[in-house]
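Chain by chain, the residues:
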Amino acid sequence: MAPSGSRNIKKGCWRVLYWIPVLFIALVVAWSYYAYVLQLCIESIEHTGEKVIYLLVYHVVFIMFVWAYWQTIFTRPMNPLKEFHLSYSDKELLEREDRGESQQEILRRIARDLPIYTRTNSGAIRFCDRCQLLKPDRCHHCSVCNKCILKMDHHCPWVNNCVGFSNYKFFMLFLAYSLLYCLFITATDLQYFIKFWLAGGRAHFRLREYLNGLPDTQAKFHILFLFFSACMFSVSLASLLTYHCWLVCRNRSTLEVVRAPVFRHGTDKSGFSLGFSKNFRQVFGDEVKYWPIPVFSGLGDGCSFPTCLVNLDPEQPSSSPTRSHPVSKSAADGRQSKPLTESQSRLLTSTICWSEIDSATDRKGASNQGMTIEHEA
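What you see is a predicted model, and the numbers here were worked out from it, not measured in a lab.

1. Points about the sheet that holds strand β1 (residues 118-119)
Step number 1: Here three strands make up an open sheet; going across it, the order is β1-β8-β9 and the pairing antiparallel. Looking along the sheet, the strands with just one partner apiece sit at the ends: β1 and β9 (266-267).

Here is the structure:
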């Protein structure tokens, strides 16, 4: 009992420590609200129209920023469905086998009924020993959350949560609105920052002339520090947002950049890419009105993702890219693999498989060659 209690206390302490970065961000945001609203807008800006416009725009951006941040923190990461977990009989069968090859045969048999197309670097079925499940495509085990996370991108300490399929859109909006928040503060605070900065380097008899718009020393400090903080965060947020926009356009995750997904035919870093439009809609959804709002609107279920490369997997029956996932070999027994959702099927509509493009290119080249021969004859 004592060791168990000690472990629980240790886990509890780590849980508290994990919230420190989130608490730091919350304190910075709370201070920025005080500095901008009270010290800058209410105390320092004298023109009523300018003050009202600044406050209205600021609060719209602030609400969207806080909403997106809240959603990113408190949206629970999605875990694989029960179909990917081993049954009790499969667990017993796997435990009885000592040889790795025999265990892989069991896993391959189970995987035939599931929409799994990625493998390990050695070509084996991706299996999680801790969660006792076959990992869906793009799923990874998080050592911090101690769970397998669907389409895991990374574990972010600033939100104390895994960024994955269920909250990746929220994370993107959090970056976008936080950058907009910092840029707006920088732009509106600039003239007052310059007034304070120039006043600091002037002679004493010119000091009062430059400080007419800055009523007291406390406001001057907040305005100066607010500008520096907003500029500093803008640079880091802009680089991070640019990187994740590139990931969305390529339909890749941070983990897939570090280690490209492996299919049966080999490694392919663009294996899940369907083109810019379809890649973007896979994260943000089909309805434009939901794109800027922190509500879930992505496509799919997180367990299976459309890709033309599935036709190159010899262990899976071939199928048309506009149809659902192929029926397994056990279809004669009344079982079939999990079909694509309607949204995933829409993603594949009008998408031409790369293998079909290659064959079409070959046929076109052969035709052109034949015409050239006839012309020379």
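2. Quick word on the environment of Phe-127
Step number 1: You can see Phe-127 is positioned in strand β2 (residues 127-128).
Step number 2: Sequence-distant contacts of Phe-127, defined by excluding residues within four places in its chain, comprise Leu-86, Leu-94, Leu-107, Gln-132, Leu-133, Leu-134 and Lys-135.

3. Here's the deal with the packing of helix α2 (residues 20-42) against helix α3 (residues 48-74)
Step number 1: Where α2 contacts α3, the axes come no closer than 11 Å and their chain directions differ by 170 degrees. It follows from the interaxial angle that α2 and α3 lie roughly antiparallel. Facing α2, whose interface residues are Val-22, Ile-25, Val-29, Ser-32, Tyr-33, Tyr-36, Val-37, Cys-41 and Ile-42, α3 presents Lys-51, Tyr-54, Leu-55, Tyr-58, His-59, Phe-62, Phe-65, Tyr-69 and Ile-73.
Step number 2: Residue classes in the contact of α2 with α3 are distributed as 15 nonpolar, two polar and one charged.

4. Some remarks on the pattern of salt bridges
When their charged atoms lie close together, side chains carrying opposite charge are able to pair.
Step number 1: Applying the stated criterion to the full structure yields six salt bridges.
Step number 2: A salt bridge links Glu-256 to Arg-138; the shortest N-O distance between them is 2.8 Å. With Glu-256 in helix α9 (residues 254-258) and Arg-138 in the loop between β3 (133-134) and β4 (140-142), this residue pair connects regions lying 118 residues apart in the sequence.
Step number 3: In this structure Arg-138 comes out as buried when scored by relative accessible area, which is 4%.
Step number 4: Through salt bridges with shared partners, a single ionic network connects Glu-101, Glu-105 and Arg-108.

5. A closer look at unusual backbone geometry
Step number 1: With phi around 70 degrees, Arg-138 is a residue other than glycine that occupies positive phi space.
Step number 2: Phi is positive for Asn-160, close to 50 degrees, though the residue is something other than glycine.
Step number 3: Here Asn-160 shows up in the loop between β6 (154-156) and β7 (161-163).

6. A look at the packing of aromatic side chains
Step number 1: According to the stated counting rule, one finds 29 aromatic pairs in the structure shown.
Step number 2: Ring geometry for Phe-24 against Trp-158: centres 6.4 Å apart, planes inclined by 50 degrees, an arrangement best described as tilted. With Phe-24 in helix α2 and Trp-158 in the loop between β6 and β7, this pair connects stretches of sequence that are 134 residues apart.
Step number 3: Accessibility expressed as a relative area gives 44% for Trp-158, which makes it partly exposed.
Step number 4: Ring-pair connections join several aromatic residues into one group, and the members of that group are Tyr-33, Tyr-36, Tyr-54, Tyr-58, Phe-62, Phe-65, Tyr-69, Phe-171, Phe-174, Tyr-181 and Phe-184.
Step number 5: Between the NZ or CZ atom of Arg-138 and the centre of the ring of Phe-272, over which it lies, the distance is 4.5 Å.
Step number 6: One cation-aromatic arrangement involves Arg-138 over Phe-305; the distance from NZ or CZ to the ring centre is 5.0 Å.

7. Topic: the layout of surface pockets
A water-sized probe rolled over the atoms picks out the places where empty space is left.
Step number 1: In this model, the largest pocket occupies a volume close to 730 Å³.
Step number 2: In this structure, the largest pocket is lined by 23 residues; those nearest its centre are Arg-15, Tyr-18, Val-144, Cys-145 and Asn-146.
Step number 3: Within the residue set of the lining of the largest pocket, elements represented by two or more residues are α1 (2-18), α3 and β5 (147-149).
Step number 4: Ranked by residue count, the leading element in the lining of the largest pocket is α1, at six residues.
Step number 5: For the lining of the largest pocket, a count of residues per class yields nine nonpolar, seven polar and seven charged.

The rules behind each value
- Residues numbered from 1 in each chain as written.
- Predicted model: local features only at pLDDT ≥ 70, side-chain atom pairs only at ≥ 80, totals over all residues.
- Heavy atoms only, no water.
- Pairing = 2+ DSSP bridges.
- Helix = DSSP H or I, 4+ residues; strand = E, 2+ residues; numbered from the N terminus.
- Contact = heavy atoms within 4.5 Å.
- Axes fitted to C-alpha atoms, helices over the stretch in contact; angles between N-to-C directions.
- Parallel < 35°, antiparallel > 145°, perpendicular 65-115°, else oblique.
- Nonpolar A, V, L, I, M, F, W, Y, C, P; charged D, E, K, R; others polar.
- Salt bridge = Lys/Arg side-chain N within 4 Å of Asp/Glu carboxyl O.
- Buried < 20%, exposed > 50% of the residue type's maximum accessible area, 1.4 Å probe, protein only.
- Phe/Tyr/Trp six-rings, centres within 6.5 Å; stacked < 30°, edge-to-face > 60°.
- Lys NZ or Arg CZ within 6 Å of the ring centre and 35° of its normal.
- 1 Å grid on protein atoms, 1.4 Å probe; cavity = no way out; pocket = protein on both sides within 12 Å on 5 of 7 lines; lining within 4 Å.
- Points joined across faces, edges and corners; volume = space filled by probe spheres on them.

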